[in-house]
Amino acid sequence: MLQLENLNYASNATVVFQRCSVIFTDLLLVYAVKECCLCRKFFGVDSKRQPPEQSLLKDAGFVVAVLLLGNFGLFLVDHIHFQYNGFLFGVLMLSVARILQGRILESAFWFSVLLNLKHIYIYMAPAYFIFLLKHYCFTQFKNGRVVYSSIQPMRLLQLGLVVAFVFAASFGPFLAMGQLNQVLMRLFPFRRGLCHAYWAPNFWALYNFADKLAALAGTKLQFLDSSVLSKSSMTAGLVQEYSHTVLPSVTPAVTFACTVLSILPSLIHLWIQPSNERTFLRCLVSCAFGSFIFGWHVHEKAILLIIIPLSLLAVGSRADAKVFLLLAFIGHYSLFPLIFTQAETMIKVFMFLFYAMFANASLSTLHK
């Protein structure tokens with residue numbers, strides 16, 4: 001099926017295998033979404049009082065299913081651009097569903113598996129850590145704050161063992177072979193530069209743009225030599241390290257500090273204030289948002305880490321629905337350059353508009 005060659009190699013059998021594997025692994029996302037839809041209390045729906053006959057747009061479960069399974073961004077990056085994000089988000093949604101169902105250890109297991117499948121989800125780990133520690137390892141609260149004397153050591157041990165088991169199974173073979181350093185170097189490739197070749201629309205994109213404008217203005221006013229413009233390679237579409245021309249160059253430590261500062265208020269609120277599953281999801285979205293805005297070498301598709309969990313919140317709250325509609329429209333539109341050939345233009349525009357119209361109509365009907 002596959003013959004390894006360096007350049008100009010194509011295999012129809014490989015393409016068919018890849019496409020079929022994406023479709024097959026998406027079944028996990030379907031199952032996870034089904035589990036989320038069963039948590040009707042989270043969406044403020046009492047199944048006993050729900051009229052037997054009503055518009056589908058007023059059915060919270062139906063709306064959630066379409067918003068998640070029909071997500072335009074997932075379709076674009078998986079089934080056209082080709083990746084396995086649907087499978088990964090299936091694991092994430094399964095972990096979230098287990099929290100909504102009160103099955104904490106299962107949630108910890110699935111999120112640990114997710115971290116070892118793709119470490120981009122480490123952005124969400126702080127929210128998981130705070131929520132699982134607070135609501136599983138402590139049993140007494142006063143005004144939302146934990147009573148530290150109520151800690152349950154056995155529960156803490158159980159939670160730690162679940163996470164340790166997954167990481168041991170994942171990293172154990174590499175550790176035994178003396179290859180752990182190689183794995184870590186590939187997990188965190190800081191030499192790839194501040195921004196991805198196709199910039200994510202975040203703070204550092206604006207920072208690069210400001211640096212470019214300052215360099216152009218400097219050369220026009222003869223404060224800078226014109227040769228410096230050729231050194232500003234951040235717009236060359238290459239994955240590499242580069243230095244800014246006028247503004248201070250940004251290091252991984254700076255992006256880490258900015259990210260931590262941006263998510264810290266949400267984490268503190270989750271720890272010291274009364275919290276529930278909705279508070280947890282909002283903190284999860286906040287962590288994903290902070291890392292998207294300030295993270296190092298952020299990919300454009302990372303916007304889906306915000307939009308997907310926000311879909312659950314949008315169904316249960318009018319305020320969250322407003323944020324979701326705005327963010328989904330802008331975030332999905334930012335993925336358009338991934339598919340740049342003329343043949344797919346009408347497909348992506350039609351699907352984008354259809355999803356946006358359905359989201360607006362369904363959420364407007366749901367929150368009347």
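Definitions and cut-offs
- Residues numbered from 1 in each chain as written.
- Predicted model: local features only at pLDDT ≥ 70, side-chain atom pairs only at ≥ 80, totals over all residues.
- Heavy atoms only, no water.
- Helix = DSSP H or I, 4+ residues; strand = E, 2+ residues; numbered from the N terminus.
- Patch = residues over 30% accessible without salt bridge, like charges linked within 9 Å, V, L, I, M, F, W, Y side chains within 5 Å.
- Areas by Shrake-Rupley, 256 points an atom, 1.4 Å probe, with all protein chains shown as cover.
- Salt bridge = Lys/Arg side-chain N within 4 Å of Asp/Glu carboxyl O.
- Core = buried A, V, L, I, M, F, W, Y, C linked by side-chain atoms within 4.5 Å.
- Buried < 20%, exposed > 50% of the residue type's maximum accessible area, 1.4 Å probe, protein only.
- Contact = heavy atoms within 4.5 Å.
- Axes fitted to C-alpha atoms, helices over the stretch in contact; angles between N-to-C directions.
- Parallel < 35°, antiparallel > 145°, perpendicular 65-115°, else oblique.
- Left-handed = near helix turned anticlockwise from the far one by under 90°.

Draft legend 1. Molecular detail of unusual backbone geometry. A positive phi is found at N143, a non-glycine position, where the angle reads about 55°. Its place among the elements puts N143 in the loop between strand 1 (141-142) and strand 2 (145-146). Of note in the backbone geometry, H297 takes a positive phi value of approximately 55° without being a glycine. For H297, the position within the fold is in the loop between helix 11 (277-294) and helix 12 (304-316).

Draft legend 2. Summary view of a nonpolar patch on the surface. A cluster of nonpolar side chains, contributed by F256, V260, L261, L264 and I268, occupies part of the molecular surface with about 470 Å² of accessible area. With respect to the helices and strands, the residue L264 is situated in helix 10 (residues 252-272).

Draft legend 3. Structural context of the nonpolar core. Judged by nonpolar contacts, the single largest core of 89 residues is most densely connected at L92, M93, Y121, L312 and F324. Look past the residues within four positions of Y121 in its chain and what remains in contact with it is L88, F89, L92, F111, L114, L115 and L305. Membership of the second largest hydrophobic core comes to 7 residues, among which are C195, Y207, Y242 and W296.

Draft legend 4. Summary view of the packing of helix 4 (residues 85-100) against helix 11. In contact at an axis separation of 10 Å, helix 4 and helix 11 are set at 155° when each is read in the N-to-C sense. Considered as vectors, helix 4 and helix 11 are oriented roughly antiparallel to each other. Every pair of crossing elements has a handedness; the one defined by helix 4 and helix 11 is right-handed. On helix 11, the residues touching V96, I99 and L100 of helix 4 are E277, F280, L281 and L284.

Draft legend 5. Spatial organisation of the pattern of salt bridges. Per the counting criterion, the structure on display carries 7 salt bridges. When the shortest N-O distance is used, the salt bridge between E35 and R98 registers 2.8 Å. One end of the pair, E35, is in helix 1 (residues 12-37); the other, R98, is in helix 4, with 63 residues separating them in the sequence. We note that E35, like R98, is buried. Residues participating in the shared-partner salt-bridge network are K34, E35, R98, R103 and E106.

Everything listed here is a matter of geometry and, on its own, says nothing about what the molecule does.
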